[in-house]
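Analysis of the macromolecular model
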Amino acid sequence: MRSTILIIDDDEKIISMLRRGLAFEGYDVVTASNGAEGLKAILSGDPDLVVLDIMMPQVDGFEVCRRLREAGSRMPILMLTAKDEIEHRVKGLDMGADDYLVKPFALEELLARVRALLRRKPEQNGMEDQRLMYEDVVLDVDSREVLRSGKRVELTAKEFELLHLFMQNPKRVLSRDLIMDKIWGYDYSGESNVLEVYIAMLRQKTEEHGGKRLIQTIRGAGYILRGDL
């Protein structure tokens with residue numbers, strides 16, 4: 001079954017390039033030139049993945065992403081931005097985007113990200129009902145709720161997956177390559193800092209109420225969920 005990709009971008013050249021490239025790869029492509037049109041297209045068409053620009057008139061990409069996540073949608077979102085600044089990437093990911101690309105980008109890289117996000121979709125839907133616990137952190141896979149010391153921790157979809165991976169492997173060093181493969185579905189190139197951004201956000205949220213650091217950096221090796229380092 002062909003997947004449907006919705007492109008929301010006000011740049012006609014970007015839309016034209018992505019429409020041709022995605023259609024050539026066998027995807028059905030729907031387009032919208034602003035956030036308001038994009039939200040209507042999502043409601044009427046239920047696409048499998050959204051390629052979403054940040055800077056748009058009427059309703060920007062941040063707001064589109066926020067509304068989708070608040071409505072409970074787990075549709076994969078790949079965010080595009082011309083802003084090569086950490087705060088824009090953090091804000092997009094914090095709103096619930098699953099991945100991002102900074103313009104200008106190579107079409108081949110976008111296609112790889114799209115394939116990876118679509119591969120992750122059935123795995124997310126097929127998570128088994130279980131609760132994982134480590135020290136004072138409780139992660140409920142079925143409800144996708146995370147508690148620390150009894151207080152709810154609000155996580156984006158990708159942050160939840162990352163914490164889930166750590167809690168499945170407590171006290172085990174996870175390499176960058178392994179994490180990128182498990183969470184993003186493509187090999188870590190060494191050029192993107194998306195993993196560092198997510199680790200920083202996950203630490204901030206899980207330590208917000210004074211909790212000690214549980215996700216530790218092992219220099220030259222990766223990361224580990226361990227509270228006694």
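Going by the annotation in an unreviewed UniProt entry, the name recorded for the protein is Phosphate regulon transcriptional regulatory protein PhoB, with Paenibacillus pini JCM 16418 given as the source organism.

1. A word on the packing of helix α7 (residues 176-183) against helix α8 (residues 194-206)
Between two packed helices, what matters for the description is the angle formed by their axes and the separation of those axes. Following both chains from N to C, one finds α7 and α8 inclined at 85 degrees, their axes separated by 11 Å at the closest point. Here α7 is positioned roughly perpendicular relative to α8, judged by the angle of their axes. Facing Arg176, Ile179 and Met180 of α7, the residues of α8 in contact are Val194, Leu195 and Glu196. Its residues assigned to classes, the contact of α7 with α8 shows four nonpolar, no polar and two charged.

2. Regarding the nonpolar core
Counting 51 residues, the largest nonpolar core has Ile8, Leu52, Leu162, Phe166 and Ile179 as the members making the most contacts within it. Broken down by element, this core gets its largest block of residues, seven residues, from α8. Shared between two domains, this core holds at least three residues of each, these being domain 1 (4-119) and domain 2 (131-225). Setting aside its immediate chain neighbours within four residues, Ile179 contacts Leu162, Leu165, Phe166, Leu174, Trp184, Leu195 and Tyr223. The next biggest cluster of nonpolar side chains, apart from the first, holds 18 residues, and it includes Ile5, Leu22, Leu80 and Leu118.

3. With respect to the confidence of the model for the protein
On average, residues of the protein carry a pLDDT of 85, and 91% of them reach 70 or more. The least confident element of the protein is helix α5 (residues 107-125), whose mean pLDDT is 77; the most confident is strand β1 (residues 4-8), at 96. Low pLDDT, under 50, characterises residues 122-129; the predicted model gives this stretch ten contacts beyond four residues in sequence or across chains.

4. Description of the domain arrangement of the protein
As far as domains go, the protein holds domain 1 (4-119) and domain 2 (131-225). Averaged C-alpha coordinates put domain 1 and domain 2 at centres separated by 24 Å. Opposite the 15 residues of domain 1 that make contact, domain 2 presents 15 residues. Together, Leu93, Asp94 and Asp98 form the three largest contributors to the area buried by domain 1 at its contact with domain 2, with a combined 34%. Linking domain 1 with domain 2 are one salt bridge, by the criterion used here. Residue Lys205 pairs with Asp94 through a salt bridge whose shortest N-O separation is 2.6 Å. The interface formed by domain 1 and domain 2 holds four residue pairs in polar contact (both at pLDDT 80 or more) in total.

5. Overview of the sheet that holds strand β2 (residues 28-32)
Read across the open sheet, the five strands follow the order β2-β1-β3-β4-β5; overall the sheet is parallel. The outermost strands of the open sheet, each flanked by one partner alone, are β2 and β5 (99-102). The average undirected angle you get between the axes of adjacent strands in this sheet is 20 degrees. Pairing between β1 and strand β3 (residues 49-53): four bridges, direction parallel. Opposite Ile8, over in β3, you have Leu52 as the bridge partner. In the packing of helix α2 (residues 35-45) onto the sheet, contacts are made with β1, β2 and β3, and the angle to β1 comes to roughly 160 degrees.

So, how was this worked out
- Residues numbered from 1 in each chain as written.
- Predicted model: local features only at pLDDT ≥ 70, side-chain atom pairs only at ≥ 80, totals over all residues.
- Heavy atoms only, no water.
- Axes fitted to C-alpha atoms, helices over the stretch in contact; angles between N-to-C directions.
- Helix = DSSP H or I, 4+ residues; strand = E, 2+ residues; numbered from the N terminus.
- Parallel < 35°, antiparallel > 145°, perpendicular 65-115°, else oblique.
- Contact = heavy atoms within 4.5 Å.
- Nonpolar A, V, L, I, M, F, W, Y, C, P; charged D, E, K, R; others polar.
- Core = buried A, V, L, I, M, F, W, Y, C linked by side-chain atoms within 4.5 Å.
- Buried < 20%, exposed > 50% of the residue type's maximum accessible area, 1.4 Å probe, protein only.
- Domains from an automatic or database assignment.
- pLDDT = per-residue confidence, 0-100.
- Buried area = accessible area lost by both parts, 1.4 Å probe.
- Salt bridge = Lys/Arg side-chain N within 4 Å of Asp/Glu carboxyl O.
- Polar contact = N/O pair within 3.5 Å; in protein donor to acceptor, adjacent residues only side chain to side chain.
- Pairing = 2+ DSSP bridges.

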